[in-house]
Amino acid sequence: EPEVTQTPSHQVTQMGQEVILRCVPISNHLYFYWYRQILGQKVEFLVSFYNNEISEKSEIFDDQFSVERPDGSNFTLKIRSTKLEDSAMYFCASKGRGSDNEQFFGPGTRLTVL
Amino acid sequence: GEDVEQSLFLSVREGDSSVINCTYTDSSSTYLYWYKQEPGAGLQLLTYIFSNMDMKQDQRLTVLLNKKDKHLSLRIADTQTGDSAIYFCAEENVGNEKLTFGTGTRLTIIP
């Protein structure tokens, strides 16, 4: 069964460093998303991406964040200068076109900023 | 803005039914979802319901939707130890791609 994959599973970085979180969505999907979950808190929407551009973003998704689909398979989230409060689990999701509205989630990347 | 609320904890004896409740504020919600998250794992979609339905059954899972009260519930029949997880309610409304999640309910099974 096709699935969304994410790498790495755990990323540790120093405050101020740039990180890139990688996702491989399901191959025929057209809509892509990033969410995050700070430990013990709700899963929060960050950004949605369709047709090579951002379709919606939340207040969390400020200038320090960017997304890219550099080739036909990867979908990346970059944080330019990480802060302590960026420590969270980051989930990628993808969705196909049509009547099936399900967003399929990846296993997540745990980001720890020291 | 949208808000989704759940109780944080639920303990149930093995073999009993579990009922996890959720309330939401957005009256234009079109889809309501239940996701399961096991320790260290991602979010697994269990089931979803369209806002024009009031009930959906899928094997051991029953979803009830009271649109007037903006209340959603997930009933798990014959709860097993493998059902131990955090259950998230989420809503999506028309024209809006994002999912708004609840706080999650941690279901603990008592042997």
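A brief structural summary. No experiment lies behind these values; they were computed from the predicted model shown.

### Things to note about the overall build of chain A
Scanning chain A from N- to C-terminus turns up 0 helices and 11 strands. In summary, chain A has a C-alpha radius of gyration of 13 Å against a globular reference of 13 Å for 114 residues, a match within 12%. Its C-alpha atoms give chain A principal-axis dimensions of about 40 × 25 × 25 Å. For chain A, with 114 residues in total, the buried portion stands at 46%. Of the contacts made within chain A by residues no fewer than 6 positions apart, 54% connect residues no fewer than 24 positions apart. Only carbon and sulfur atoms are counted for the fraction: they give 45% of the accessible area of chain A, which is about 5,800 Å².

### Some points on the interface of chain B and chain A
Listed by partner, the interface residues are 21 residues for chain B and 19 residues for chain A. The junction of chain B with chain A conceals about 1,600 Å² of combined surface from both sides, 51% of it contributed by carbon and sulfur atoms. Broken down residue by residue, the surface that chain B buries against chain A is led by L43, E97 and F101 of chain B, which jointly contribute 33%. Linking chain B with chain A are 2 salt bridges. At the surface where chain B touches chain A, the tally comes to 5 residue pairs in polar contact (both at pLDDT 80 or more). Mapped by element, the contributors of at least two residues to the side of chain B that touches chain A are strand 1 (4-6), strand 4 (29-37), strand 5 (43-50) and strand 9 (85-93) of chain B. Broken down by element, the residue count for the side of chain B that touches chain A peaks at 4 residues, all from strand 4 of chain B. A breakdown of the residues in the side of chain B that touches chain A according to their chemical character gives 11 nonpolar, 5 polar and 5 charged.

### Remarks on the state of the cysteines
Residue and element names in this part refer to chain B. Using the criterion set out here, one finds 2 disulfides over all chains in the structure. In this model C22 forms its disulfide with C89; the gap between the sulfur atoms is 2.0 Å. Its S-S torsion of approximately -60 degrees makes the covalent link between C22 and C89 left-handed. Of this pair, C22 sits in strand 3 (residues 18-24) while C89 sits in strand 9, and the two are 67 residues apart along the sequence.

### What about the pairing of strand 9 of chain B?
Residues and elements named next belong to chain B. Along strand 9, 9 of the 9 residues are buried, which leaves the element largely enclosed by surrounding structure. As paired elements, strand 4 and strand 9 share 8 bridges and run antiparallel to each other. Note on strand 9: the bridge partner recorded for Y31 is E92. As judged from the 2 bridges shared by strand 9 and strand 10 (residues 100-101), these two strands associate in the antiparallel manner. Residue A90 lies in a different strand from strand 10, and its bridge partner there is F101.

### Topic: the pattern of salt bridges
Going through the model one piece at a time under the given rule, you end up with 5 salt bridges over all chains. Taking the shortest distance from any N to any O, the salt bridge between R36 of chain A and E44 of chain A comes out at 3.2 Å. Connected through shared salt-bridge partners, K42 of chain A together with D3 and E5 of chain B make up one network.

### Points about the pairing of strand 3 (residues 19-24) of chain A
Residue and element names in this part refer to chain A. Burial of strand 3 is one-sided: the residues V19, L21 and C23 facing one way are buried, the residues I20, R22 and V24 facing the other way are not. Both strand 1 (residues 5-7) and strand 3 contribute to a ladder of 3 bridges, which runs antiparallel. Across the sheet, the residue bridging to Q6 is C23, located in strand 3.

Conventions adopted
Residues numbered from 1 in each chain as written. Chains lettered and ligands numbered in written order. Predicted model: local features only at pLDDT ≥ 70, side-chain atom pairs only at ≥ 80, totals over all residues. Heavy atoms only, no water. Helix = DSSP H or I, 4+ residues; strand = E, 2+ residues; numbered from the N terminus. Rg over C-alpha atoms; globule rule 2.2 N^0.38 Å. Buried < 20%, exposed > 50% of the residue type's maximum accessible area, 1.4 Å probe, protein only. Contact = heavy atoms within 4.5 Å. Areas by Shrake-Rupley, 256 points an atom, 1.4 Å probe, with all protein chains shown as cover. Buried area = accessible area lost by both parts, 1.4 Å probe. Salt bridge = Lys/Arg side-chain N within 4 Å of Asp/Glu carboxyl O. Polar contact = N/O pair within 3.5 Å; in protein donor to acceptor, adjacent residues only side chain to side chain. Nonpolar A, V, L, I, M, F, W, Y, C, P; charged D, E, K, R; others polar. Disulfide = S-S within 2.5 Å. Pairing = 2+ DSSP bridges.

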